[in-house]
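So you can see what is in the structure, the chains are spelled out below.
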Amino acid sequence: MNRCKLLLAALLFFPACAVQAAPPDSVPVILIRNATVLTVSHGAIEHGSVLIRDGKIAAVGQKIDAPAGAQVIDATGQFLMPGIIDCHSHIAIEGGVNEGSISVSSIADVAEVLDPDDMDIYYDLAGGVTSSNILHGSANAIGGQTLLIKLRWGQPAARLPFEGALPGIKFALGENPKRSNLSIPGASKRYPATRMGVEEVIRAAFTEALDYKKKFDDYNRRLKAGEKDLIPPRTDLRLEPLVEVLEGKRYVHAHSYRADEIVMLLRVAKEFGFKVRTFQHVLEGYKVADEIAASGAGASTFSDWWGYKMEAYDAIPYNAALMTRRGVLVSINSDSGQEAAHLNQEAAKTIKYGGLSEDEALKLITLNPAIQLGVEKRVGSIDVGKDADLVLFNHHPLSAYAVAQMTLIDGHVYFDRQRDIAARPALQKEADALIEKEKKAAAASKEKSAEKKPEEKNSDEKPKPPSAGSSQGDAQ
Amino acid sequence: MKNARTIRQAQRTTLLAAALLTAASFALPARAQSPAPAATATVYAITHAKLFTLAGAPIDDGTIILRDGKIAAVGPKAEIPAGAQVIDAKGLSVYPGLFDSVTEMGLSEVSAVSATVDSSETGDFNPDVVAAEAVHPASEHIPVTRAAGITEVLSVPGSGGFDSRGGGGVLTGQASAIHLSGWTIEEMLINKSVAMGLHWPVIETRGFDFSTFSRKDKPYAEAKKEYEKKLDELSDWLERARHYAQALEKGSPARFDRDVKLEALVPVVRGELPVLVFASRARDIRNAVEFCEKRKLRMILAGGEEAFRVKDLLKARNISVILGPVQEAPAREDDPYDQPMTQPAELSAAGVKIAFASFDNSFARRLGQQAAVSVAYGLPYDEALKAVTLYPAQIFGLDRELGTLEPGKLANLIVTNGDPLELTTQLRFLFIKGQLTSLDNKHSLLYDKYRNRPKP
Amino acid sequence: MPAAKRHGNSLVLALAGILIAIFAAAPQAAAQGGEPSFFAIRGARVVPVSGPAIDDATVVVSNGIIVAVGKDAAIPAEAWIIDGKGLTVYPGLIDALTDVTLLSSSTPGRPSSSGPEDRPGATPWRSAADEATLADKRIESWREAGFTTVIASPKDGIFPGQAAVLNLAGDRAGEMVVKGEVAVPLSLNPVGNFRSFPGSLMGVLGYVHQVFLDSAWYETASAAYAKNPRGRARPPYDRTEAALDEALEDHGLVLLPANDSVQIRRALDLADRWKLRAALYGAQMAYETAAEIAAKKLPVLVNLQWPEKSKDADPDEPPTLRLLRFRDRAPSSPAALAKAGVKFAFYSGAITAPKDILKAAKKAVDAGLSEDAALRALTLSPAEIFGVSDRLGSLEPGKIANLLVADGSLFTEKTKIKFVFVDGRKFEIRESPKPADPPKNGPPGEKPAEEIALHMAGGAQ
């Protein structure tokens, strides 16, 4: 049984070994028993149980019997909560988080460069995160396309995207796209260099997108009318995502700090007829909370980051609580593979800074980001019918002392702390063995080349095998 | 203000009046920056509190008397002097204020705006620069940080920080110990020169070429040469300083010209001023230990990401470690995912003295959180608490005045509604140098302002 | 006496004439007949690759073509006979992707690019067939290692140009060309940075996709415009679109870089989405993904420069387990591909000492690949992948006379290569006294004048 576990642990831990077809721990029925179940949607259940079947939550309650063949996880004294959803992440991106060379880089798509081997995926899993909103960086006013993934560690990139979630696109306002904190010796400044320019970049791009859309509508109309030999407009991969934004098929996630630029974007969005899905960072959101609330945009912010940039100088740890009280849908995010490993703790800070309740605090990292990302029917709370994306903590998650013990996605255990610990000696042994093997091979080939040299000398003196010279003129 | 609402009413009328007076002063919008000591009270009595003295078992229902900036008495039954301002702390706990021993406090305001950053001087060898000479007493970071229960810090030049441009220097200057309260640096100063910053040169194989704005890797042999060159330079400096020290001591200073840099190094080479060595990798730590031992320098390790790999060496040489935030990714991909978080427990179990520090100013608030997380991963709670109070004081030779609640020590303490390391604990009262210090800060004031924004 | 003197004078004159003729004719020796191009290797072990090995057989070569292979092959009288006892005859080896025959020109600083429309890193009209030069000293060292053919391609940029099949001998560069334009290799390395597009992998992918879309558009648009130009805007001419469109219509083979599993899976997906006829190159982690590659039926070029510990590595930084496993298992990728039924060829990657190429192939054999399959990957498979298997890649009558003659099995270390035939021309391979690396391509700008002249004559873009 132990060898089995180790093998499973190895499969879990090393994508190199993972069989792509079957996710790890393909146990169709799991009962997590006797935990404090923090449902987020309908309160806490003491001594609660959750039944998982075929990747979904099948039952939630206090007395659930384990069906035959079910794997039972005894969670006595532990706390079960919905898997944490990180609304702002740059993990799992290969080859650069920013296409920072141009002001509108919507042609770039993070979905095409997912790196399933990024260790941050595992570190975040170990902190209880089950889904992450993978975003392009903030180098450009309009950045690249984004997507939501589940942290299915060990699966190939094609299995990471959250099925059915709408894709997104990253906007950035303020100091980063205008490059005020970055000067490259010898290089001229890139447009835009002011917040005015940042706005104009967005307006110009959407103006272009509208024209582009019109061209295609025009063309399609004429095609339908039977016109022949039409030259179609070019498909422009830069403008396609913007058209999708206009059509409501793609979410806008806007990195923003200062109150005025937040409101500016709402103005621009209104002018062009699209919606801002979330403001990201939105550290001065508390100053314009009512405006944000009225627009329906969500706000995804930090717990207590401040002071590193001018636009972050007025950031306050009360931001999330204040916005929440004014009716904004708020989530707390990480923007960092390391921060994401303790989002439960970051959410807890809103209890101290602003007096949110425990449930409100938990929502900031579960149901609220789920709603912001349009996947609340699938995840974000422990309710029958939702995906079994769960995390088990040894203490109440809103505590600095809580350590994640197990993280499940779609009812599969993707992180198990005990298994991780148990697997360590074997991995160390394997590494040592491989290093030894390489050393031996290197020593052997050194010997060989040392032997060869005297041998080669001799071969010159050996009589050559019959060759052309001696066969000259032989009759055939 | 929260504090005003939660002060328990005292029984005697005079106390009631005093309390109301205190409450009133809290209700007024206080100035954001400087501390506004409540009244001119110099004697306080905090009663019925649970006292965590860190010099013995906690006292369940205790009293602590503060007079003239110091702790006058601590105990289950301490006599309350006449005229003392009494704070009934029933249900509350008293701890020594937290000590963040590696910060950029006062040296950097907005790290992306270089005009506001004074933490790293240019050039590799600046032993003579002193943090206290540039600490900005009106920095917004100070009230923000003390509102999280931190009462004193070491302000360390070139110690990093969020988004910081990094130092790059080798001898980066002298760290100063300051209270997080005071109108001027003179009022804030605890000790102007507590340690000499030394950033151990790194064999840098991974480089960045700014002209092409891309990564440019260097072969190991080349990087090692550059490293050795820097080390040689450092050795030369110390050698010259030793000479200078000898000339000062044995010879006649009138016969040679003074040198401020070498003078700054004299206490170092005499072993009087410890060297705060910033080193992360095991190899660097080992080399630094050997280097300091050879030259009889007193070494304190800062950073120590891979200290666990050389813990026996550290223990054998009695080298303390100031650890940075533990919620980081492990140094190596193959290290256990929780290596940084279990390291404090591992070092402590091996007998290495540790302290926690933020290595920052914006994130100094997270000091308690780092200690708590270490407890979650195996460090005994008492050790964790001491690692942010007593141990940094001991490590930097300031434990005569700080680090515990004992008579004679400075009255830097916090009154909380619970465990100061836990995230949700509220700070009720803050005392620095025996003065009740306002918890107002830039953030709380902005909160108030926008909480009261009328609906549009 | 005068008669003798006259004879003496005319003798001197004749001698002088002959000498002049010889020296004057030296560069034009090729115009002369030279050695009659009829050869036979008799009584050797013959490994045709397209069929089973034959012992004690003969290979007859005539005017650059293999005319007979077999035990009873008829040998023409004009043929120079090589006693094949103790020798083995193989098809000449093919290096499936390299830049041998091309001398890299000094790349002028790339102009800054502000988007896909600037076509950064795109020169798909460049052709190895146009730029191949005999002045590349590597031709000789590759040949001495048994290679008769390379698939050569320029390598600068994202669309560096088109690959051609070249034989490694000739009097003029053009004689090397077996088939020009056989594939469009792609590189996905960002040519830009934070200031110049594209600076990220996702930028490159978006860009490449856009270029393919534009090329398809170009075809539609120019056809429609040609049909009826009146009253409409003409589609602007774009050299990249024109060249790519032509290439895709012609051979349509795109080479996608894909070395580790993430890249391999990504390339398989891209080939699908962009509707490309593709081959993967790199494939050193195929040991994990062979079945997926087989499912998509794509051929693969395997990089023989196996990952190894770098000499520059920091000794205090141990390699990760991930890297150790990769280094350990990479040589087993060919075996995995063979097992999964994927067609694959070998290429030299960045190996600079061509003798190491066979050594690397041997490593794959040690890791589980059959010698037959290894040989095929160096001969018939690359010929098939690049559409020249009707004339290259095996010892069959009618095919081009590219042969490798060795004194033993190719995958035995002690074996020495004795002869190499390229287009029926015999090269005798002698042992060099010291194991020296072959002369590399000089850095740009430091070429002897003669080489530069040749290179420019070859038709720079």
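Computed from a predicted model, the values in this text were never measured in an experiment. Numbers given to residues run from 1 along each chain, matching the order in which its sequence is written. Chains carry letters from A onward and ligands carry numbers from 1 onward, assigned in written order. Per-residue local features of the predicted model are confined to residues with pLDDT of at least 70, and side-chain atom pairs are confined, for both listing and counting, to 80 or more; whole-chain, interface and lining totals are unaffected and use all residues. Working from all heavy atoms in the structure, the side-chain values ignore hydrogens and water.

Asker: Even after reading the chapter, I still don't get the interface of chain B and chain C, so can you show me in this structure?
Answerer: One frequently used descriptor of interface size is the decrease in accessible area upon assembly of the parts. Across the contact, twelve residues belong to chain B and 14 residues belong to chain C. Buried area between chain B and chain C, summed over both chains or domains, comes out near 1,100 Å², and the portion from carbon and sulfur atoms is 45%. Salt-bridge detection follows one rule: a side-chain nitrogen of Lys or Arg within 4 Å of a carboxyl oxygen of Asp or Glu. At the boundary of chain B with chain C, the tally comes to three salt bridges. Polar contact is the term for a pair of N or O atoms within 3.5 Å; when the atoms are in protein, one must be able to donate a hydrogen and the other to accept it, and sequence-neighboring residues count only if both atoms are side-chain atoms. For the pair chain B and chain C, the interface holds five residue pairs in polar contact (both at pLDDT 80 or more). Along the lines of polarity and charge, the residues of the side of chain B that touches chain C split into four nonpolar, two polar and six charged. Only heavy atoms matter for contacts: two residues are in contact if any of them lie within 4.5 Å across the pair. Note: buried area is the sum, over both parts, of the accessible area (probe 1.4 Å) each one loses when the two are combined. Ten residues, namely Ala, Val, Leu, Ile, Met, Phe, Trp, Tyr, Cys and Pro, are considered nonpolar, four, namely Asp, Glu, Lys and Arg, are considered charged, and the remaining ones, Gly among them, are considered polar.

Asker: Looking at this structure, how should I read the environment of Gly307 of chain A?
Answerer: Here a strand is any run of E in DSSP of at least two residues, a helix any run of H or I of at least four, and the numbering for each starts at the N terminus. With respect to the helices and strands, the residue Gly307 of chain A is situated in the loop between strand 12 (298-301) and helix 7 (319-325). Once the C-alpha coordinates of Gly307 of chain A and Val198 of chain A are considered, the two residues, 109 residues apart in sequence, prove to be 22 Å apart. Those residues in contact with Gly307 of chain A that sit more than four places away from it in its chain are Ala312 and Tyr313 of chain A together with Glu109, Val110, Ser111 and Ser362 of chain B.

Asker: Can you help me understand the environment of Glu35 of chain C in this one?
Answerer: Mapped onto the secondary structure, Glu35 of chain C falls in the loop between helix 1 (2-25) and strand 1 (38-46). Along the sequence, Glu35 of chain C and Gly92 of chain C sit 57 residues apart, while their C-alpha atoms lie 21 Å from each other.

Asker: Explanation requested: the sheet that holds strand 13 (residues 330-332) of chain A in the structure shown.
Answerer: The pairing of strands in a sheet comes from backbone hydrogen bonds and takes either a parallel or an antiparallel form. Residues and elements named next belong to chain A. Reading across from one edge, 6-7-8-9-10-11-12-13 is the order of the eight strands in this open sheet, with mixed pairing throughout. Each having just a single partner strand, strand 6 (84-89) and strand 13 make up the two edges of the open sheet. Within the sheet, the average angular offset between the axes of one strand and its neighbour, ignoring direction, is 25 degrees. Across four bridges, the pairing between strand 6 and strand 7 (residues 129-134) is parallel. In the strand pairing of strand 7, Ile85 is matched with Ser131. Its contacts with the sheet place helix 8 (residues 343-352) against strand 6 and strand 13, and it is angled at close to 130 degrees to strand 13. Whether two strands pair comes down to DSSP finding at least two bridges between them. Note on method: axes are straight lines fitted to C-alpha atoms, helices fitted across the in-contact stretch only, with angles between N-to-C directions ranging 0 to 180 degrees.

Asker: I tried to follow the interface of chain A and chain C on my own but got confused; where do I start?
Answerer: Listed as interface residues are 62 residues of chain A and, on the opposing side, 58 residues of chain C. Surface buried jointly by chain A and chain C totals about 5,200 Å² across both partners, of which 56% is contributed by carbon and sulfur atoms. Among the salt bridges present, the one from Arg234 of chain A reaches Glu241 of chain C, with a minimum N-O distance of 2.9 Å. Taken together, chain A and chain C are joined by 19 residue pairs in polar contact (both at pLDDT 80 or more). Elements with a minimum of two residues in the side of chain A that touches chain C: helix 11 (417-461) and helix 12 (468-471) of chain A. A per-element tally of the side of chain A that touches chain C places helix 11 of chain A first, with twelve residues. Taken together, the residues of the side of chain A that touches chain C sort by class into 30 nonpolar, twelve polar and 20 charged.

Asker: Quick question: what am I supposed to make of the pattern of salt bridges here?
Answerer: A side chain with one charge may pair with a side chain of the opposite charge, provided their charged atoms come close. Applying the stated criterion across every chain, the model contains 84 salt bridges over all chains. Linking Glu360 of chain A and Arg325 of chain A is a salt bridge whose minimum nitrogen-to-oxygen distance equals 2.9 Å. Of the two residues, Glu360 of chain A is situated in helix 9 (residues 358-363) and Arg325 of chain A in helix 7; the sequence distance between them amounts to 35 residues. For each residue, the accessible area found with a 1.4 Å probe, counting protein chains only, is set against the maximum for its type, and the residue is called buried under 20%, exposed over 50%, and partly exposed in between. A residue is classified by how much of its surface remains accessible, and Arg325 of chain A, at 45% relative accessible area, is partly exposed. Glu339 of chain A is the partner of Arg366 of chain B in a salt bridge, and the nearest nitrogen-oxygen pair spans 2.8 Å. With Arg366 of chain B in the loop between strand 15 (354-356) and helix 10 (367-376) and Glu339 of chain A in the loop between strand 13 and helix 8, this residue pair bridges two chains. Owing to a relative accessible area of 8%, Arg366 of chain B belongs among the buried residues under this scheme.

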